[in-house]
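Read off the chains here:
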Amino acid sequence: MIPFNRPFLPDRAIGYIAEAYRSGKVSGDGLFTKRCEAFLSARYGSRRMLLTTSCTTALELASLLCRIQPGDEVILPSFTFVSTANAFALRGAKLVFVDSLPDHPNMDPARVAEVVSPKTRAIVPVHYAGVAVDMNPILQMAREVGALVVEDAAQAIEARYQGMPLGTLGDFGAFSFHETKNIHCGEGGMLAIRDAEHVGRAEILWEKGTNRSAFFRGETAKYGWVDVGSSFLPSDILAALLWSQLEAVQAITARRFRLWERYFDALEPLRRAGCLELPTVPPFASHNSHCFYLVLPDERARSQLIEHLKRRDILAVFHYQSLHASAYFADKHDGRLMPHADRFSDCLLRLPLFHDFRDEEQDRVIGAIHGFFGIESRSA
Ligand SMILES: *Cc1c(COP(=O)(O)O)cnc(C)c1O
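Residues numbered from 1 in each chain as written. Predicted model: local features only at pLDDT ≥ 70, side-chain atom pairs only at ≥ 80, totals over all residues. Heavy atoms only, no water.

A. Molecular detail of the nonpolar core. Counting residues in each nonpolar core, the largest one holds 98 residues, and the members touching the most others are Phe-88, Leu-95, Phe-177 and Leu-191. When we break this core down by domain, the ones giving at least three residues each are domain 1 (12-246) and domain 2 (249-372). Contacts of Leu-191, omitting those with residues within four sequence positions, involve Arg-48, Met-49, Leu-50, Thr-52, Ala-58, Leu-61, Ala-62, Leu-65, Phe-172, Gly-173 and Ala-174. Core analysis: the second largest hydrophobic core is formed by 28 residues, Ile-2, Trp-260, Phe-292 and Phe-354 among them. (Core = buried A, V, L, I, M, F, W, Y, C linked by side-chain atoms within 4.5 Å. Buried < 20%, exposed > 50% of the residue type's maximum accessible area, 1.4 Å probe, protein only. Domains from an automatic or database assignment. Contact = heavy atoms within 4.5 Å.)

B. Inspection of the site of the ligand at higher detail. As a matter of local geometry, the ligand sits amid 14 residues, with Thr-56, Asp-152, Gln-155, Ser-176 and Lys-181 nearest to it. Measuring from an oxygen atom of the ligand, one finds a side-chain N or O atom of Gln-155 at 2.8 Å. Between the ligand and Tyr-320 there is a distance of 3.2 Å, counted from an oxygen atom to a side-chain nitrogen or oxygen. Its free accessible area being 380 Å², the ligand has 92% of it covered by the protein chains. (Near = heavy atom within 4 Å. Polar contact = N/O pair within 3.5 Å; in protein donor to acceptor, adjacent residues only side chain to side chain. Areas by Shrake-Rupley, 256 points an atom, 1.4 Å probe, with all protein chains shown as cover.)

C. Broad picture of the environment of Ile-204. Within the secondary structure, Ile-204 is located in helix 7 (residues 196-206). Along the primary structure Ile-204 and Asp-227 are separated by 23 residues, whereas in three dimensions their C-alpha atoms are 7.1 Å apart. Here Ile-204 is in contact with Gly-209, Thr-210, Asn-211, Val-226 and Asp-227, once residues within four sequence places are set aside. (Helix = DSSP H or I, 4+ residues; strand = E, 2+ residues; numbered from the N terminus.)

D. Up close: the packing of helix 3 (residues 55-65) against helix 4 (residues 82-89). Where helix 3 meets helix 4, the axes come as close as 8 Å, and the angle between the chain directions of the two elements is 35 degrees. In this structure, helix 3 crosses over helix 4, and the sense of that crossing is right-handed. Counted together, Thr-56, Leu-59, Glu-60 and Ser-63 of helix 3 and Ser-83, Thr-84, Ala-87 and Phe-88 of helix 4 form the full contact between these two elements. (Axes fitted to C-alpha atoms, helices over the stretch in contact; angles between N-to-C directions. Left-handed = near helix turned anticlockwise from the far one by under 90°.)

This is the structure in structure tokens:
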């Protein structure tokens, strides 16, 4: 069976986990947490990085930091994971979904321009597949109306926009270290905070609304309850697992990139023949090969291809049903049509891609797809 994902679990992780264990401090904000945060901060433009228990909670923390009040408008793509929306729905925000680009699942800045207003409190671009949203127009619009920008960079570690690391362009950037992401610790996440004015409050909310972080730095004589907050910290055991991956972040990204290119080159003839669409990457983006997807002509073709692959013991999956049309949101939506988000919901299919995916396994997937469209595979 070729799974959709097999999490990378390097043996050296066991040594780091043992080190965390033997240190006697396994709660949050320990040795490995600090090591991961410092590494990522140095790598991504000196932003303050806070490890969290997931990207979901990193987004919730960002939503609190934006001081979202009931009725504040938040603009986000319809084609995204539910956590992007939940973080703001939990604070009573009015969600304003926008459509994808015609040729990419990312939100279309032209659609954002149609709904942005002084009522907009936050704009939330999601960098789908680690491919950058066109950030300049988004940042410009946010500045004009005084809105904050929260990047959902769950899939975007190591990816860039005009050379700048994704997740560090907006006021806040939320990353995921879930086992399906490029770099992972099973369940985990991180919030990148751009401006010094937000860092102090972020540390407080992260530590249950207390000034514990400042206390441990010796900046205050005692610590107590100074704001709202929650427990956003992962155990240092998980940070140790994360460290084993971060250390190898370049090698992991390079391997994925090679797999991505192999798919692209092998399937390009099918694109030219009009059988399917392949991922597009705009010139301002350098992506991280987070995922490789196909866009089939219709939902029927997608179901048939999934079945065809399953019969050959290959697991391919689709995802994101447009949120504007979801059971929870449909009756709250203002009726604007989202044809592109709907098309990606119906026609997008993700192929297996993971760190220790072997070339022979990938060739089997490629051969099966060629077979589906009735052509002989070079590699099969
Ligand atoms: C994976 C993902 C999330 C959620 O990440 P968790 O770490 O599992 O909470 C949020 N947004 C997007 C776009 C994702 O792909």
